[in-house]
Structures are given as C-alpha cells and as structure tokens.
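The chain contents come next:
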Amino acid sequence: MGLMLWCTAHFLHAGSIRVGPEQGITSISGATQKALCGDTIWIESGLYKEGNIVLDKSLTLMGMGNPVLDGEKKYEILTVGADDVSIVGLTFINSGYSAMNDFASIKIVGSRYFKIESCTIRNSYFGIHVSNCSYGKIWNCSVEGTPDQEQNTGNAIHFWKCDHMEVFNNLSSGHRDGIYLEFVTDSRIQKNTSTKNIRYGLHFMFSHQNSYQHNRFLKNGAGVAVMYSHQVDMIQNEFQDNWGPSSFGILLKDITDSRIIHNKFIRNSAGVFMEGSNRCVIDSNLFQENGWALRVQASCTDNQIAYNNFMGNTFDVACNGTLVLSKFNSNYWDRYKGYDLNKDQFGDIPYNPVSLYSVLVEQNSAFLILLRSALTVILDEVEKAIPVLTPIDLQDLSPVLTPYPL
Amino acid sequence: MIQIQTLHKKYGNVRALDSVDLTWNQGDVIALIGPNGSGKTTLIKCILGLVFPSAGDIHFMGRSILNSYEYRKDIGYMSQISRFPDQLRVGEMLDILTDVRNVKDSDRDMELYEEFKIEQIRDKTMKSLSGGTRQKVNSALAFMFSPKVLIMDEPTAGLDPVAVEILKGKIHRTDKSVRLMIITSHILSDLEDFASRINYLQDGKVRIDYSFAELREKSGESRLSKAIAHILNPS
Amino acid sequence: MIKIIKYFLIDIIKNKVILGLTLFFLVTSFSLLYLDENQTKAVLSLMNIVIIVVPLISMIFAGNYYFNAYEFKEVLLSLPVARTRIILSEMIAVSISLALSLGLGLGIPALIFGAGSTILYLILITMVLSVACAAIALLVVILSREKSRGLGLVLLAWFYFSLLYDVIIMTLLMNFSDYPLEKFVVFLAALNPIDLCRISMMLKLDISALMGYTGALYKEFFSSLIGSAFTLGTMLLWILIPTLISIRIYRKKDL
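These lines cover the structure that appears in this document, whether it is placed above or below. These figures come from a predicted structure and were not determined experimentally.

Moving on to the overall build of chain B. Regarding its fold elements, chain B presents eight helices and ten strands. With respect to the principal axes defined by its C-alpha atoms, chain B has extents near 55 × 40 × 35 Å. Within chain B, the proportion of its 235 residues that are buried is 54%. Considering only residue pairs separated by 6 or more positions, chain B has 67% of its internal contacts joining residues 24 or more positions apart. Surface accessibility of chain B: about 10,400 Å² in total, with carbon and sulfur atoms responsible for 46%. Positive and negative charge centroids in chain B, built from 32 and 31 side chains respectively, lie 4 Å apart.

Below is the structure:
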C-alpha cells in the first residue's frame, strides 16, 4: 500500500530517461532498473539485444525513430508484470521458441491498465501474450510471423483469463491464430485485420459479453472459430476467402444469445457453420459466392436468420437433418423465382433454401462429383415441385425480391 | 473392260443381285434394261463402289475394284435423280470436280456445257434448278472429263425433247471405240440408236445378255422392245 | 485430303447454321459477361450452358450435317477419292467449324472483357468437348440408316451421356453409401466425356474445397501432371476411338 501511494505521488513529477547507443545509458534493462514508477524511458533508434527484459514497475517505454529489440531466437523479449505500463513505438524481432514455455515478444502477466501501441512484431513465436489482465489496450500494432507449421508458431495476439480488453486496429498474420481469446470477458475487438494465419483468424472459447466490430478476417487457413460463449456481438466484420476443405467464414460452436449483424461473408467454403448454437440472431449479413452460405446442424435451435442477402452461393443452406428449429424470414435469395402480385415487397410464395441436391451432398459428400451436372439441375426443379426429401419447415415465408443495400 | 463375276447382293432377305455374270468390253455401248427394282441401279452402285457386293467380284481393267478407289478416275457417272448438294452453285460444283480430279481446265470436254448453256446458270444453286436443268448439268459433268467408262442412269429422264436430241447427238459423236458406255433407260427407243449390247435384268438375274445383232437374229424382230418381248415370252 | 476438308468447310459455312451457332454463343457469352458484375458468376453461368447446351448442339450439328452432306459425299464418292479420306475429312471439317464457332463465340467477348485464365481454360475444354461429342454423334449416325432414326439415336446418346450416366452414378452412390466409393466414382465419371470436362472445370474453379478431404484428393489428382495427362488422354480417346470406328464402318457401308 505504501508503494502504491509512493508511485501515485511520483506521477505528479514523472521523470524521463533516454536510452540510446550514444547516450549515457545504452541498455533498456539498465534504464528500467534506474527508472522510478511513472517514468518514461525514451528509446532511440538502434538494435537492442538484451535477452529477456523484465518490466516490474509502472513505466512507459517510448520508441524514438525505430528502435529494434532482438530476441535472437532465444529469449522472450519483454516480460511485463506491473500495472500502468505503456509500450509505444517499438519493434520486436526474433523472439525465442520453446516447446515448454509460451515465449512471446511481449508477455504481460497480471497487469491492469497496460497499453501497447504502434508496435511492430516480426518472427515471433507468440506475438503479444496477455494473461490474467484487466483494462488493457492493444492499439495499432502489427504482428506478422513467417508461416511455418502450426505447431511451431504461437498466436499473434493471445489472451487468457482477461477482462475489459480493447484490441483496436491491429494487423495479425502468419501465426497459428490471429487473435486468440480464452476466458476473456467484456472486451472489444475492433477494426483489426487478421489474415493468412495458419489456423484461425479469430479464435475464442469461453469468452462472454465481448463485441467484435469492423474486423476483417481474410484468407485464414480455417477461417474463424468461436466456441462455448454467450452474448457475443459480431457486427460489420468481413469474412473473406477462407477457402479450403475444412475451412469456413465462421464456425459457431455452442454459441448462444449472440448477434451476428451486418457482416460480409464472401467466398468462404462455408459462410457460417453452426453447431449447437441457440438463440442467435443472424441479421442483415451478406452471403456471397460461398460454397455453402449457411450450414446449420440439427443441434441448433431458435436462431433467427433474417434480412440477409444470399447471392451466388453454390448452396444456400444445408442441414444434416430434416428437423430445423431455426427461423428464416425476409431474406433475399438470388435463386428465388417467386413473384409479388400484392406488391407488399415480399414474395407471395415461400422459398425453400435447402435444395434436394444439397441434402444428398449432406448425406454423402461423394455426390459433389455431380455438382453442376444437368441431372442435379433437373432434380432440384423436380423437388421444388414435389418436395420429398428436403425439410419443408425450413422455409423463408417472406422472401424479398430485391437485395438489401448491405 | 469390266468383268462382273457371280455378283450377289442381298438387302436383308431381298436378293437385289443374284449371281450376275457379265463381261463388258471397250467399244461396247451397253443397254442395261429391266423393270423397276430389277437391280440395275444396285449393279451400277456396285460398280461405282457405293454398295458392297455380298459375294462375287468386279474387275475393272483387269483389277478388282473391291478396296480400291483409284479406278474411279476413269468413270463418268450420271446419276438417276441427279442428287447434288443443294447449296452448291453450279460453277462451284464444276470447280470441285475439276479440282479433285486434278484435271486442267483446258483438258475438259466443254461441248455439252456450251450446248446446254450452263455458263448462264453458273451462279445458281443446285437447289434452285428444275429437274431437267439439273439433269443437263449432270450430263455435261459426266462427259466433261472424257472418261473411259461412262455410266448413265436414265439420262433422258426429265429432259425436254430438244435437250434429249442434244444429248443423243453427243453420245453419237463420242468416240466409242476407246470407251465403254453403260446406259439404263425405260425408253427403249432412245437406246436403239446406239446400243451394241443388250443386258436385261429381272429380279436381280441377267435374263438377256446378247449383242444387239444377236438379239435381232434370235428374235427376228428389229425393234428393241419387240425383240426383248419376244425373247422373254417366246410364245 | 486438305482439298476435301476445304470443300467440306465451305459447304458447312454455306449452311449458315454454324454462323447462327457462333452468333448464339457470342450473344450468350457477351450478355453473361456484360450483365454479371463479377466474373466468377459469369463463368459459372457459362459453365452451366457449356455442360448442357454444347454437347447437345455439337451432337445434333454433327449428326445433321452427316445427312445434309449425303449428296455431297455421293458426288465425292464418284470421284477417285478413298472413303476413309471422305469421312475423315468430314469429321475434321465438322470439328474445326464447331471448335472455331465456340472459340470465337465464347472467346471474343471473353477477350473484350479481359477474361482470366479460368475462362480461357473453360473455353478450351469446351472446344475439346464439342469435338468429342461430334465424334460420338458421327458414329451414331453412321450406324443408322436413315435420317430421322439417326437423329433420334443422336438425341438418345446425348441423353445418355448428359443424364442417364449420372443417374447411374447417383444410384450407385445411394445404394453403396456405406462403402468408400469416392475414388471409384470419380474414375467412373471420368469415363464420360461430359462429366470429365465438368469435373475438370469445377476443379479449376476450386469447387473441390466443398468436398472436404475427398475434394482435396480429387484436386491433387486432377491438377497433377498425371491427372492432366489423364484428362487430356481420355478426351483424345473419346475423339479418336469413335472416329476410328466410324471410319471402319463407313469403309464398308452401302450408301
């Protein structure tokens, strides 16, 4: 308690220390040892190879020009264990790799009110590793790895047991997962770009009441996977080009009471893959040129799928059973061939988004060998006239005739 | 020039030609006659290689024509109903034949071409021509390449009297000593003037195979039609 | 031989049907590329047309032309020209005109709109497919005596290759779904020229990703050197074998 008070008092007349090749202090570790709580350490351009730097005081590390901290492929570069730490404008390269420890360029443990801003991280095992923290900010950072094998690379931005995190405008690529959250609550993830990661662009589990907005998840090995969470908001994100045999725009596994609104799902093998997900609202999204726009497993109930545009998808909706407990309404389907005689803007006949052929494919994927053959076209037309195998209760009762401006 | 040796042709159960043996020599003008369906056209088609015999052989200048096509350069053929590609123009047809036969323009016999005034219809398509005009084109083409063997299937059918006279005149003028002519016709009087040998076919069999002189002698008739009737029904 | 091919080609062009077809392909391709703001979609629509319409058109065109050129062939046959040459020339002329019609009809709009390699591949495959279909149709009509029956059989052949064959595959898959049939089924499909072209185009469009692990296998096979050789070889066989049989039959056919 005494230390706390002392620290707070010190803020009022915080000092600053300069580190640089031509300065009196040439090493960052030296500066951090000298510095008092609340001090700012200005780090000049240069290459700093100092092994592991431990930060256990409330300090601000401020890069001037382009200081580079090199972990020489052996060390965790910066380990932070204090509150109120800011790290701004530094470049970290070559953090160590260890099968035993999650070595990172920046590891933050048990800190409150930290801020990492405008840092560049290259060739790391883990990029930024945050655990047991609250009220942290990661802004404008770029974390890029050289994609290797999944087991040899960690996550770009990794959170474990955190709350009130703010992840804003970062770029993560070439790692295992772009952004990873486990047991993280009340956090906001915004305007990040996550691309070309080996596994997932975004991956979270047991992370409730978080919101994800304006992020872009592009060309990740398996897309985005979110699991075992509730009250998640995913708004205005883009899921694009996540294309591969076991890839999807987003995989929703046991996600409940969540909202997926105004997102764009473009050219993914499966736009949204839902499994055991309940009471989710999928509203005003664009599904375009996906293999499957939506794959809804029979374990999903009470989801609302409305006001979306479905355009140019190979299959609109697929499900693995005939019992579907999710509601579809007022979507735009480019395959819909109905009419609107009473001019109420809704088609007068319902649209059945599950084609017979997609049912067959769901039963046995080998049927895909017949994709786009004359036979499947005919089968689907026949099934439309006399539905036998397709789930009749899966219908959009009020399909719209013109796409929404999404 | 042409030896037909025990030629058989069956279409299913129908015997179109039944053991036909004939020898036609250079200098002959053969009148190939017989009722409808007697096998005349089938025989001609066999000679042309359009139809393959079921048994027997045909020798053309000493060599079998089966599996051969070169011999056709020596044949001029005027078909019965002048079946020609509809959309071809007369001139194009002429050019194609000249080109494929590899004949120089100057080596062509253009007498009938001129007498029938075919130059004037060069740019007309075959489809647009009347049956008679087509037959004129057809006969002009048959004579054009001065073939060693001239086969004319009902040459006068559809021709107007003037054209018939022109064609007859052409047949008359043609040097018969160096070639063989085979003519089929229903109108026997047309054949009387130049036939040197009479072959009458019935039900695919050769019923009469005499020179005109022999036929006259045997029947005691001078008219071809009467002579044939006499031989077939010697009552 | 070139002379005779030339005369067949002149005859085909005079027929005007081929010009109509070229125009049809031109308008279709142009409108698809013009209307669809994005090219992938246009390619998919084109593919649908190609898979269903091109085999039908090619087969009917080749079958019908055989009968249309009957008199022309009779004229040629009265000349010192071997039958083999005549029928081979007809086949080549029909192939050239179909392939050119497709190449120009689909290709010109594609080039105008700056098409990518996918669309060019699609056009190329389509040209090969049309030649194979023409070869099959020619065999069918040579086997039949008269025009109406011949063209009926051509339609039947089209029906078989574009529908019935797939029905058989589908039945197989349904009845033996417990067995790992994927590889066998691909092999089976590859024996049908229409299916083979369709699969090869699909893999070019990377639809294989939808097929999970199996799709990855297909893609690996078809995009490998052996796979490409297999596709090309099979298509060549579908052109060569019917043509050779046609020649054999035509050499001994009463006309």
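Turning next to unusual backbone geometry. Residue and element names in this part refer to chain A. In this structure, E72 is a non-glycine residue whose phi angle is positive, near 50°. The class of E72 is partly exposed, set by a relative accessible area of 30%. For K73, which is not glycine, the phi dihedral falls at a positive 65°. Checked against the element boundaries, K73 lands in the loop between β6 (67-70) and β7 (78-80). What makes K73 exposed here is its relative accessible area of 53%.

Counting residues at the interface gives 34 residues for chain C, matched by 26 residues for chain A. Taken over both partners, the interface formed by chain C and chain A buries close to 2,600 Å², and the fraction arising from carbon and sulfur atoms is 72%. Taken together, the connections running from chain C to chain A amount to zero salt bridges. On inspection of chain C and its partner chain A, the count reaches three residue pairs in polar contact (both at pLDDT 80 or more). The set of elements that each furnish at least two residues to the side of chain C that touches chain A consists of α3 (39-68), α7 (147-175), α8 (182-190), α9 (193-204) and α10 (212-223) of chain C. It is α7 of chain C that contributes the most residues to the side of chain C that touches chain A, eight residues altogether. A per-class count over the side of chain C that touches chain A returns 22 nonpolar, seven polar and five charged.

This part takes up the sheet that holds strand β5 (residues 63-64) of chain B. All names here are of chain B. On the basis of which strands lie adjacent, the open sheet formed by four strands has the order β2-β1-β4-β5 and antiparallel pairing. The sheet is open, and its two edges are formed by β2 (14-24) and β5, each paired on a single side. The sheet contact formed by strand β4 (residues 55-60) and β5 spans two bridges and is antiparallel. If you follow F60 over to β5, its bridge partner there is R63. In this fold helix α1 (residues 40-48) packs onto β1 (2-11), β2 and β4, with an angle of close to 65° to the strand it touches most, β2.

A few words now on helix α5 (residues 161-173) of chain B. Its 13 residues place the ends of α5 of chain B 18 Å apart at the C-alpha level, agreeing with the 18 Å of an ideal helix rising 1.5 Å per residue. The inward-facing, buried residues of α5 of chain B abut α3 (111-115), α4 (131-144), β7 (149-153), β8 (180-184) and α6 (188-192) of chain B.

Our next topic: the pairing of β6 of chain A. Residue and element names in this part refer to chain A. Residues of β6 alternate between two faces, with P67 and L69 on one and V68 and D70 on the opposite face, all of them buried. Relative to β6, strand β3 (residues 46-48) runs parallel, the two sharing three bridges. Residue Y48 lies in a different strand from β6, and its bridge partner there is L69. With three bridges joining them, β6 and strand β9 (residues 91-93) adopt parallel strand pairing. Among the inter-strand pairings, D70 is bridged to a residue of β9, identified as I93.

Residue and element names in this part refer to chain A. Per the stated rule, a full pass over the model turns up 34 aromatic pairs over all chains. Their ring planes at 25° and their centres at 5.4 Å tell us that W292 and F315 sit as a pair that is stacked. Of this pair, W292 sits in strand β34 (residues 292-296) while F315 is found in strand β37 (residues 315-319), placing the two residues 23 residues apart along the sequence. The residues W292 and F315 share a single accessibility class, namely buried. Through a chain of ring-to-ring contacts, three or more aromatic side chains come together here, namely F217, F239, F265, F287, F310, F328, W333, Y336 and Y351.

Another point: the nonpolar core. Grouped together as the largest cluster of nonpolar side chains are 192 residues, with contacts concentrated most on I2, I4, W24, L43 and I198 of chain B. With 16 residues, the single largest contributor to this core is helix α6 (residues 117-143) of chain C. Counting contributing residues, this core receives three or more from each of domain 1 (16-212) and domain 2 (222-354 + 391-406) of chain A.

A separate point is helix α2 (residues 90-101) of chain B. Its twelve residues give α2 of chain B an end-to-end C-alpha distance of 17 Å, which sits within 8% of 16 Å, the value for a rise of 1.5 Å per residue. α2 of chain B sits mainly inside the fold: nine of its twelve residues count as buried. What α2 of chain B keeps buried is the set V90, G91, M93, L94, I96, L97, T98, V100 and R101 of chain B. Its buried side turned inward, α2 of chain B meets β6 (75-78), α3 and α4 of chain B together with α1 (2-15) and α4 (70-77) of chain C. One or two positions beyond α2 of chain B, positive phi appears at N102 of chain B, with a value near 60°.

Time to look at a nonpolar patch on the surface. All names here are of chain C. A cluster of nonpolar side chains, F30, Y34, L35, I96, L100, L104, I108 and I112, forms an exposed patch at the surface whose accessible area comes to about 810 Å². Top contributing element to the nonpolar patch by residue count: helix α5 (residues 83-112), with five residues. Examined against the element boundaries, L104 turns out to sit in helix α5. By relative accessible area, which is 42% here, L104 ends up partly exposed.

A few words now on the packing of α2 of chain B against α4 of chain B. Residue and element names in this part refer to chain B. Where α2 contacts α4, the two axes come as close as 11 Å, and the packing angle between them is 20°. Regarding the angle of α2 to α4, the classification is roughly parallel. Once α2 is placed against α4, the crossing between them reads as right-handed. Here V90, M93, L94 and L97 of α2 lie close against α4, whose contacting residues are V137, L141 and M144. Tallied by class, residues from the contact of α2 with α4 come to seven nonpolar, no polar and no charged.

To continue, consider the environment of P53 of chain B. Residues and elements named next belong to chain B. Relative to the helices and strands, P53 resides in the loop between α1 and β4. Judged by relative accessible area, P53 falls into the buried class, the value being 16%. With 161 residues separating them in the primary sequence, P53 and E214 have C-alpha atoms 30 Å apart. Not counting residues up to four positions away in its chain, the partners in contact with P53 are L7, H8, K9, C46 and L66.

Quick notes on the rules
- Residues numbered from 1 in each chain as written.
- Chains lettered and ligands numbered in written order.
- Predicted model: local features only at pLDDT ≥ 70, side-chain atom pairs only at ≥ 80, totals over all residues.
- Heavy atoms only, no water.
- Helix = DSSP H or I, 4+ residues; strand = E, 2+ residues; numbered from the N terminus.
- Buried < 20%, exposed > 50% of the residue type's maximum accessible area, 1.4 Å probe, protein only.
- Contact = heavy atoms within 4.5 Å.
- Areas by Shrake-Rupley, 256 points an atom, 1.4 Å probe, with all protein chains shown as cover.
- Lys, Arg positive; Asp, Glu negative; His and termini not counted.
- Charge placed at Lys NZ, Arg CZ, Asp CG, Glu CD.
- Buried area = accessible area lost by both parts, 1.4 Å probe.
- Salt bridge = Lys/Arg side-chain N within 4 Å of Asp/Glu carboxyl O.
- Polar contact = N/O pair within 3.5 Å; in protein donor to acceptor, adjacent residues only side chain to side chain.
- Nonpolar A, V, L, I, M, F, W, Y, C, P; charged D, E, K, R; others polar.
- Pairing = 2+ DSSP bridges.
- Axes fitted to C-alpha atoms, helices over the stretch in contact; angles between N-to-C directions.
- Expected span 1.5 Å × (residues − 1).
- Phe/Tyr/Trp six-rings, centres within 6.5 Å; stacked < 30°, edge-to-face > 60°.
- Core = buried A, V, L, I, M, F, W, Y, C linked by side-chain atoms within 4.5 Å.
- Domains from an automatic or database assignment.
- Patch = residues over 30% accessible without salt bridge, like charges linked within 9 Å, V, L, I, M, F, W, Y side chains within 5 Å.
- Parallel < 35°, antiparallel > 145°, perpendicular 65-115°, else oblique.
- Left-handed = near helix turned anticlockwise from the far one by under 90°.

Fair warning: the whole summary comes from geometry, so function is off the table for now.
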